[in-house]
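# Descriptive analysis of the structure
Given next are the chains, with one letter for each unit.
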Amino acid sequence: MSTVRCRIAPSPSGFLHIGTAKMALFNWLFARSQGGTFVLRLEDTDAERTEEEFVDAMCEGFKWLGIDWDEGPPFGDEPEKGALGPYRQSQRRELHHNEGMRLVAEGKAYRCFCTKEELDADRALADAEKRPFRYSRKCRDLTPEEIAAKGDTPFVVRFRVPEGETVVDDLVQGPVKFNNKEFDDFILLKPNGDPIFHLAVVVDDGLMQISHVIRGDDHLTNAPRHIMLFNALGYPLPQFAHLPMVLDDAGKKFSKRMHGANVLDWRDEGYLPETLINYVVMLGWTSEEEGREFFTLEELKHLFNINRLNKSAARFDRKKLDWLNGQHIRMLTPETLRDRVLPILAAKGIDTSGKSVEWLTQMAAICQEKIPTLNNIVDYVDFFFRDVDAYDMKAENKYFRQPESAAWLEADIRMMTAAEDWTHDALKAAFEKEVEVTGVKLGSLVNAARLALTGKPVGPGMFELAELMGKETALQRMNRALEHVRSIT
RNA sequence: GGCCCGAUCAUCUAGGGGUUAGGAUGUGGGAUUCUCAGUCCCAUCACCGGGGUUCGAAUCCCCGUCGGGCUGCCA
C-alpha cells in the first residue's frame with residue numbers, strides 16, 4: 001500500500017494561475033502514478049484576499065483541466081472529502097495556534113514583545129547603514145519574571161532557530177545546504193494569535209501526513225525553515241521537490257495580471273484542457289521515451305516519473321501551444337469536436353438548432369483538420385447560418401473581376417444544376433471532368449464557387465461545404481454571385 | 001548587500017568525459033494538379049564567458065556574467 005500523500009495548497013486569489021496549475025499537475029501526477037492520495041488545501045488565511053467566488057473560480061480551473069482531488073474542502077454540491085480536515089486553512093487557526101504555543105512551552109519558540117514600530121525603525125537603520133537587517137533577539141532569553149512583568153502586553157511568537165546547518169535533500173535540486181545563521185528567529189504567531197505562513201504550512205502538512213511536498217522553487221529557501229519546524233514539532237519529515245516556475249513568453253515571471261495567467265483564459269480562447277495538460281507537462285518534464293511529446297492525462301498517470309523533472313525555468317510559448325492544440329483537436333472524434341464547438345457558436349449568436357446532429361457532426365468534421373483552436377471554427381462555418389451579403393475584396397479581384405469570371409460561375413452553375421447526386425464525390429467528379437475537357441483550371445472553378453458560397457477566400461473544402469449547404473441554397477448563392485459578377489465586369 | 005537555485009538552436013528539450021550534439025515548435029523552400037490549414041520532404045539555428053582537471057570538457061571543478069528566488073506581524 002502506498003503512503004504517498006501529495007497536496008496543492010493554493011491561496012485563492014481570484015483564479016487558477018498557470019503556475020499553480022503546473023504544481024498541481026505534478027503533485028497530482030506523482031500521487032496518481034504512485035497510487036497515492038492527492039489533497040487540495042486552501043490557504044485562505046489572508047482574509048482580505050479571499051472571496052467565495054475566488055474559491056469557485058479556482059476550483060473550476062482544476063475541474064476544467066481534469067485535476068481531481070481525493071481530499072479537500074467542500075466545493076459546489078460536494079461535501080468535504082477526507083479525514084484529516086478541515087481543508088481550509090482559515091478553519092485551522094486553533095490548531096496552528098496551539099502548536100505554536102506548544103513550541104513556546106517546549107522552549108523551541110518564545111514570546112517577543114518588540115513592536116512592529118520598533119522593528120521597522122531597526123530595519124530602516126540597517127538599511128541606512130547598508131548592513132543586513134537582523135532581528136536583535138532581544139526577547140530571546142527573557143526570564144519568566146520579565147515575561148510576567150509584561151502583563152497584557154501583546155506579543156508575537158518567534159521560532160528559536162537552532163545552531164548548525166540544515167540540508168534540504170531535494171528530489172529535483174539535490175542536496176542544498178544552508179547555514180542556520182542565515183535565518184532570523186522568524187515569527188510564528190501574530191499578536192492576535194494568527195499563524196504566519198511558515199507555521200501554518202508545516203502544521204498542515206504535518207497533520208495531513210503529507211509525504212511529498214512538490215512546489216515552486218521560490219520555496220527552496222523556505223524549505224530549511226520548514227524542516228527546522230517539522231523537527232521542532234516532532235512531525236516526520238516529508239520529501240521535498242522544488243520545481244522551476246513558468247515564465248511568460250518574454251522570459252519573465254508569469255504575472256497575475258497578464259492574459260493567459262488564468263488557465264481559463266485558454267479555455268475561453270478555444271484551447272482544449274488536454275492541450276494545456278500536455279503543454280504544461282512538457283514544461284519541465286520529459287518522458288523516458290525520447291522525443292515523445294504527445295500525452296494524455298491517462299497516459300501520464302502511468303508514464304510520469306519524478307526523476308525526469310527539469311531544473312530550469314521554461315517559457316510559455318504560444319506558437320507551440322497552437323500546434324499542440326491542433327494535434328489534440330485532430331485526435332477528437334467528430335462527435336466530440338461537435339459538442340465542444342456548439343457552445344462556442346451559440347456564444348457568437350449562431351443558432352444551430354435548425355440542423356440535425358448528423359449535419360452538425362459533418363460540419364465539425366470538415367473543419368477538424370484546419371482549425372488550430374476551437375474558436376477558429378466560427379469563421380469556418382458562419383456562412384452556413386447567414387446569407388452572403390458581401391465578398392472578400394481581395395478574393396473578389398482574383399475570382400470575380402477576371403474576364404473569365406462569369407464563365408467560371410456559369411460552368412459551376414451548369415454542373416451543380418446537373419448534379420444528380422448532391423455529394424462531395426459527385427461534385428468533385430463533375431468538376432474534374434470539366435477541367436479535363438475544357439482545360440480550365442480547377443482552382444478557378446473551385447475558388448470562384450467558394451467565394452460565391454461563403455463570401456470568403458478561405459474555408460473548408462469547397463465540395464464538402466457545398467454538400468452540407470444543400471443544392472438549393474448553393475444554387476441561390478451561385479446565381480446571386482453571377483449577377484454580381486455581371487454587374488461589376 | 002547576504003544566502004540559495006538555474007543556464008544546450010529564437011522557443012521547449014535529449015544527451016552528459018571521445019556523438020556528424022538528436023528531436024519538437026517556429027522560420028524559409030519544395031511536394032500534395034481547390035483556398036486556408038494539415039500532411040510529407042529539405043533547409044536553417046545551440047552547448048553563456050574565462051580559467052582549471054584530463055590524452056581529450058558541452059559534460060567534472062572554480063570564478064565571472066546573466067536570469068530567478070528568499071531575506072515580512074504576505075502566502
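Residues numbered from 1 in each chain as written. Chains lettered and ligands numbered in written order. Predicted model: local features only at pLDDT ≥ 70, side-chain atom pairs only at ≥ 80, totals over all residues. Heavy atoms only, no water.

### Digging into the protein's contact with RNA strand B
Around RNA strand B lies a shell of 65 residues, among which Lys190, Pro191, Glu293, Lys370 and Leu442 are the nearest. Of all atoms in RNA strand B that approach within 4 Å of the protein, 74% are sugar or phosphate atoms. In the model, a phosphate oxygen of RNA strand B is placed 3.4 Å from a nitrogen or oxygen of the Thr286 side chain. The contact in question runs from a phosphate oxygen of RNA strand B to an N or O atom on the side chain of Lys311, over 2.9 Å. (Near = heavy atom within 4 Å. Polar contact = N/O pair within 3.5 Å; in protein donor to acceptor, adjacent residues only side chain to side chain.)

### So, the sheet that holds strand β7 (residues 187-189)
In spatial order, the strands read β3-β4-β7; together these three strands make up an open sheet with antiparallel pairing. On the outer flanks of this sheet lie β3 (109-112) and β7, each paired with one strand and no other. Taken over all neighbouring pairs, the strand axes of this sheet differ in orientation by 40° on average, direction set aside. (Pairing = 2+ DSSP bridges. Helix = DSSP H or I, 4+ residues; strand = E, 2+ residues; numbered from the N terminus. Axes fitted to C-alpha atoms, helices over the stretch in contact; angles between N-to-C directions.)

### Some thoughts on the packing of aromatic side chains
Tallied over the full model, the rule gives 20 aromatic pairs. Relative to Phe400, the ring of Tyr391 lies with its centre 5.1 Å away and its plane at 75°, an arrangement referred to as edge-to-face. An identical accessibility class is assigned to Tyr391 and Phe400; each is buried. Among the aromatic residues, those joined into a ring-pair cluster are Phe254, Trp266, Tyr271, Tyr279 and Phe316. Taking the ring centre of Trp359 as reference, the NZ or CZ of Lys355 above it sits at 4.4 Å. (Phe/Tyr/Trp six-rings, centres within 6.5 Å; stacked < 30°, edge-to-face > 60°. Buried < 20%, exposed > 50% of the residue type's maximum accessible area, 1.4 Å probe, protein only. Lys NZ or Arg CZ within 6 Å of the ring centre and 35° of its normal.)

### Thoughts on the pairing of strand β1 (residues 5-8)
Neither face of β1 is exposed, since Arg5 and Arg7 on one face and Cys6 and Ile8 on the opposite face are all buried. Handedness of the β-α-β unit built from β1, helix α1 (residues 18-33) and strand β2 (residues 37-40) comes out right-handed. (Right-handed = clockwise from strand over helix to strand, strands pointing away.)

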